[in-house]
Amino acid sequence: MSVKIGAHVGLQDAVAEAKEIGAEVVQVFLSDPQAWKVPPLEYAGGAEAFREETASAGLHVYVHAPYVINVASTNNRIRIPSRKLLQQIMSGAEAIGARGVVVHGGHVTANDDPAVGFDNWRKAIDALESDVPVLIENTAGGDFSMARRLERIEQLWAAVMQANGAENVGFTLDTCHAWAGGIDLATAVEDIRAITGRIDLVHANDSRDTAGSGADRHAHFGDGNIPPELLVGVIAAAGAPVVCETHGDMGPDIAWLRERLAA
């Protein structure tokens, strides 16, 4: 299969690290994923140099938005800074030539009407000023998540498709999150495409925990609980670029996946 495979890497050494592990795709953070501020890009030569050097290396670049972003929140002190931070990340992603920005679906609270969270997502897309696609990612846990279960993803998608800029909204399917979140991996691609019509990126990760656990704990391929044939089946069916995200050396994971996709 001609699926491009890569990994999440450090921004400063993205090109060298990609070469070392055999990655064709890289995903980076533009800031501390747990922080609300975006510092100047920490790359020699700035955004233009990063864009030129990754392009010269033939790398497809994606950005992962900070984990703190929750544009679905009904709390103004979370939702408003989340929108501001997302806009900053989108602008930074555009500057480095990224093909998309991955954003977690977020959540509301037990006291909230989920419909408000879905509409907050619509408003967030309405407000964005960027041509870079927003790639909403399914999440592993939480009873009040916007994108854990298929029925919630369907409601979320219906909302964002009403936004100005809906054409720039895509989907990231995370295999660990789907497994932990209770989505059947045997039919995940078909089920997601029936809702969204698209899968733009796959986060390919094994899961430390059992199906339906709600635990977001990635594992290297073969070290977790997801049957290998399910992992490979999702990636083959999706046919989208792949990012491996488990901590440590991603080279063996990339090789593992390439070998099985070629079989």
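Residues numbered from 1 in each chain as written. Predicted model: local features only at pLDDT ≥ 70, side-chain atom pairs only at ≥ 80, totals over all residues. Heavy atoms only, no water.

An unreviewed UniProt entry annotates the protein chain as Deoxyribonuclease IV originating from Isoptericola hypogeus. The annotation that UniProt attaches to the protein chain under Cofactor (unreviewed entry) is "Zn(2+)". (UniProt positions renumbered as here; feature names shortened; annotations may be inferred.)

**Q** Just to check I follow, could you spell out the UniProt feature "domain: Xylose isomerase-like TIM barrel" (unreviewed entry) in the protein chain for this structure?
**A** As annotated by UniProt and renumbered to match this structure, "domain: Xylose isomerase-like TIM barrel" (unreviewed entry) occupies residues 15-258. Taken end to end, residues 15-258 comprises 40% helix and 14% strand; its first and last C-alpha atoms sit 20 Å apart. (Helix = DSSP H or I, 4+ residues; strand = E, 2+ residues; numbered from the N terminus.)

**Q** Sorry if this is basic, but what is going on with the pairing of strand 2 (residues 25-28) here?
**A** On a regular strand, each side chain points to the face opposite its neighbour's, so the side chains alternate between the two faces of the sheet. The alternating pattern of strand 2 places Val-25 and Gln-27 on one face and Val-26 and Val-28 on the opposite face, and all of these are buried. Across three bridges, strand 1 (residues 5-8) lies against strand 2 in parallel orientation. Bridge pairing links His-8 to Gln-27 in strand 2. Of the crossover connections in this fold, the one passing from strand 1 over helix 1 (residues 14-21) to the parallel strand 2 is right-handed. Sheet analysis places strand 2 next to strand 3 (residues 60-64), joined by four bridges and oriented parallel. Within the sheet, the bridge partner assigned to Gln-27 lies in strand 3 and is Tyr-62. (Buried < 20%, exposed > 50% of the residue type's maximum accessible area, 1.4 Å probe, protein only. Pairing = 2+ DSSP bridges. Right-handed = clockwise from strand over helix to strand, strands pointing away.)

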